[in-house]
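Examining the three-dimensional arrangement
Single-letter residue listing:
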Amino acid sequence: MALTLPANYISALGQGFQESWLIEISNTGGSGGSSDYIRLGTEEVIPGAVSNDKYHPFILNAPSIRESIDLEKGTSKTSNISIVCHNGTLANHSQSLSKEILNQGTRFYLNHQVTIKSKVGSISSGDWLTIFTGRLKDVKVNDNHQVTLSIASATPIDFVKIPQYQSNSGNFYPIVYGDYKNETSTKENPAHIDDDTAVKVFPVQVDRIAKNNYNCLVHTALTDEVLHYPVKDAFRNSDDYPIFAPIETSVNAGFLNEALDDSETGIDVSNGGNFSSGDIILIDREQMKVSSISSNTLTVTRAFNSTTAATHEIYSPVYIVQNAISSINTYESDTADTNRNVLQTSLNLLRTYRYRPSIDSIYEIVGDENVALDPFAPNEFYPKENMVDTNTSSYHQFVHTATSTSTPTDKDSNDYYSIKLNVAKENHRIKEYKVYVKFDITAYTNGFNGTIPEYEIMAQCRAEFASGSEVENGTAYDSIQTDRTETFVFSTDFASFDGASPTSVEVRFWFRSNDMDSSETSTSTIRVDDIWIETTAEIVPESDTNTNPIEQQSAVTSVDTLYCGADGLTKSFSSGVVTNMVDMHRDLLSRFIGRAGSGETPVTNVTNYADLVTAKTGWKCEYWTNEEEEIEKLLEQAQFEGGFIFRFRSHDEQPQYIYIPNGTPTADHTIDLEDISSFDLSMTPIDKLVTKRIIKYQRSPINNKHIKEQTSEDTTNSIRSNYNIQSNENIETNKLDMLVSGIGATNTGTGNRNDGFANYYASINGKPKYIVGLEIVNAQSSGTEYFYGMEVGDFCKFSTTVLNNLSIFSGIDTTTIFIVTNITRTLGSLKVTLRQI
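Below you will find a few notes about this structure. (Residues numbered from 1 in each chain as written. Predicted model: local features only at pLDDT ≥ 70, side-chain atom pairs only at ≥ 80, totals over all residues. Heavy atoms only, no water.)

This part is about the pattern of salt bridges. Under the defined criterion, the tally for this structure stands at 26 salt bridges. Salt-bridge contacts for Glu-24 lead to Arg-39; the nearest nitrogen and oxygen are separated by 2.7 Å. In this pair, Glu-24 is assigned in strand E1 (residues 19-26) and Arg-39 in strand E2 (residues 37-41), connecting sequence segments 15 residues apart. The exposure classification of Glu-24 matches that of Arg-39, with both residues buried. Between Glu-506 and Arg-462 there is a salt bridge; the shortest N-O distance is 3.7 Å. (Salt bridge = Lys/Arg side-chain N within 4 Å of Asp/Glu carboxyl O. Helix = DSSP H or I, 4+ residues; strand = E, 2+ residues; numbered from the N terminus. Buried < 20%, exposed > 50% of the residue type's maximum accessible area, 1.4 Å probe, protein only.)

Take a look at the structure:
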């Protein structure tokens, strides 16, 4: 997006034009008019013939402005400008330049705005071109009476750290971006939590345990949200994303801060609830029994007296209290502040959930030597994973065939097809544990001639516990069956179940063959549609005395993190949840820097901001942090992972995004032979190429390690073989902490550059590109724009006059587009570096 040149400025450009730089340094504390600035120039200029407004010709050196962008890193840089001046007397301040700046009386210059304007010919001040806006950062004076001024570009992001708000405990209220997913799963309505669409969460820090609640710091005011607890060693079958159990929520069941008497009346349940007379509920650490229900209120009595409470468990259903605190005002008795938010949940962490375990192994047991040694025939078209995927219409299928030899008479055989499950481990007391098996017997043939039943099929569950193992039988079938579900309830079916996670669980299919005679055969086909586990777990009191409250238990105090699936922050500059990488970057600028908000839409190097967001539509973000970090590093990380560059334009400090669009962008500048004073041409060095990219992404909410991995390479164009790149060379590993979709293709030789991260960077450094250094002498028209208005991020091409006369450019044609990556601007000179896109 080239600079816009005033018409009279353009007219003054031409061969042999004379350029001057005019510099104005603002101050604070002036009384108005000429006292509010210092004016310096490479020549003396008196605008409006007012001597006190003149630009003093004190500049001794040839200052330069250097800007660059790094396509590989997504960063931009503007170097400091050094101006060496004669320490002369200022007409508008009647004292020397050094004394005026360093005196620090009523006027202050350091860190105040500096503007640099370009004047060509004799044009008036209204037509001067602003080429730089920055801040005065440093002043030095030497014994030769020379004053050196150091001017830096505007950097409003310097020294800013986020998050910015802390609780009284010193913990930071987090920053969260992305689209997450909550799941409500209760004892009355248990839900599967292993689907991609079910639960996706971020960590929330437990700031304090108080008043029978975990108080968790969150990023925004949340109501009706569900906190989650991780299910140990359990992962969704579609990937390695951990499984999180929703903590059961209910109405505020009489949450009391004071100790209870032996009974309480008028417990408000006006918001609903599924209470029944006799239910045991937890209120302020006490187990209370619902004695009566009247309208929307409960009367409760102490369930157990304090001397015997330790011998009793809390019986289900146990309802927990989960309240949303909208601001710190009701949490720490401080001033209400929407940047400080707390979400509460009770300490027992009651949760009931369903999940499909992965399959550890399948093995077969043949029960009699007179039966064929391998009676089971799994079908490879129905893999074992089909019985634990989230698609209930897919299945695992196998065939059992029992064939006796020619000699036996009235022989029996018991065969087993055993499916060993990878089961989750629970950290807390398991109140109930159930294994469900859904299956069909799609074919059944009984070929035995003995007693009835001769050939039976039964689902079983075998579980190992610390005290031993047990097998529980389901229903035996001797015919075709469809849509059968067998449920194994551990609390009633297994005597060894003691509230701890079983060490091993197997689902078995048992085949009993009775009274086989010579050469008889029976066969069946089994389809296993689905296997899932349902668990109810919670923290139970070690003791129910007031001297040992639940808050003092190690199980409670060891919980320092819970998990939430609420939406991340909404756009501070617009509406809607921030889910796009570009919008996340802009929201950080708007929310914490006060730039690029709703009243300041950023520009881009092509088209507009909306088109940039559209180009990156599939580039979705998920990010959370409660650790203090510099926002500059966070912004640069978002730029790299989002495939764009951000800068504040040097001439007007306006926020700008730079990226390479799909297809062939329109050139802003066309370079002719007569425009070039000097040039050099090279190609990307081989050691700078990344021909294979290993991308690690999707942070685990539990430990921040990356869950997913993808390897991307251009296999269509054979880049690695063409350039003789060895197997371990030119490979880069990228760990993405923000980008979770829009990763790109595994074969980056297909698709568009903005299809994803891998595609975008493959188009930049996946194969050698031309790099051209130019000094441009023609300041006038370059096609649609003007060379003197050239900026980093502009697109250029060469005309046929260059291509036909300079043989070194033979590999380039008029459709080859370059992007400006470096500009050095000095008096009457423009040096640029162009990089092929």
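Burial of strand E16 (residues 242-246) is extensive: five of the five residues sit out of reach of the surface. Residue alternation in E16 divides its side chains into two sets, Pro-242, Phe-244 and Pro-246 and Ile-243 and Ala-245, and both sets are buried. Relative to E16, strand E15 (residues 227-235) runs antiparallel, the two sharing four bridges. For Pro-230, the partnering residue across the bridge sits in E16 and is Phe-244. (Pairing = 2+ DSSP bridges.)

Moving on to the environment of Asn-144. Relative to the helices and strands, Asn-144 resides in the loop between strand E9 (129-141) and strand E10 (146-153). Here Asn-144 falls in the exposed class, since its relative accessible area comes to 53%. Expressed as a C-alpha distance, the spacing of Asn-144 and His-86, which sit 58 residues apart in the sequence, is 8.9 Å.

Once that is clear, we can look at the packing of aromatic side chains. Taken as a whole, this structure holds 32 aromatic pairs when the rule is applied. On the basis of an interplanar angle of 70° and a centroid distance of 6.0 Å, the ring pair of Phe-465 and Phe-490 is categorised as edge-to-face. Of this pair, Phe-465 sits in strand E29 (residues 455-465) while Phe-490 sits in helix H3 (residues 490-493); the two residues are 25 residues apart in sequence, bridging distant segments of the chain. This pair shows no difference in class: Phe-465 is buried, exactly as Phe-490 is. Seen in terms of ring centroids, Tyr-609 and Tyr-657 are 5.7 Å apart; in terms of plane orientation they differ by 55°. Their pairing is tilted. Note that Tyr-609 is positioned in helix H6 (residues 609-615) and Tyr-657 in strand E40 (residues 655-658), a separation of 48 residues in sequence. Residue Tyr-609 is classed as buried on the basis of its relative accessible area of 7%. (Phe/Tyr/Trp six-rings, centres within 6.5 Å; stacked < 30°, edge-to-face > 60°.)

Looking now at the side chain of Ser-712. With respect to the element layout, Ser-712 can be found in strand E44 (residues 706-713). There is a polar contact of 2.9 Å between the side chain of Ser-712 and the side chain of Gln-710. One polar contact links the side chain of Ser-712 to the main-chain carbonyl oxygen of Ala-745, over a distance of 2.7 Å. Contacts of Ser-712, omitting those with residues within four sequence positions, involve Thr-691, Lys-692, Arg-693, Ile-695, Ala-745, Thr-746, Thr-748 and Ala-758. (Polar contact = N/O pair within 3.5 Å; in protein donor to acceptor, adjacent residues only side chain to side chain. Contact = heavy atoms within 4.5 Å.)

The next subject is unusual backbone geometry. Between Ile-162 and Pro-163 the backbone carries a cis peptide bond, its omega angle lying at -5°. Within the secondary structure, Pro-163 sits in the loop between strand E11 (161-162) and strand E12 (175-177). One non-glycine residue with positive phi stands out, namely Asp-483, at about 55°. A positive phi angle, near 65°, is found at Gln-698, a position not held by glycine. Structurally, the position occupied by Gln-698 is in strand E43 (residues 692-699).

This is a description of form; function is not addressed.
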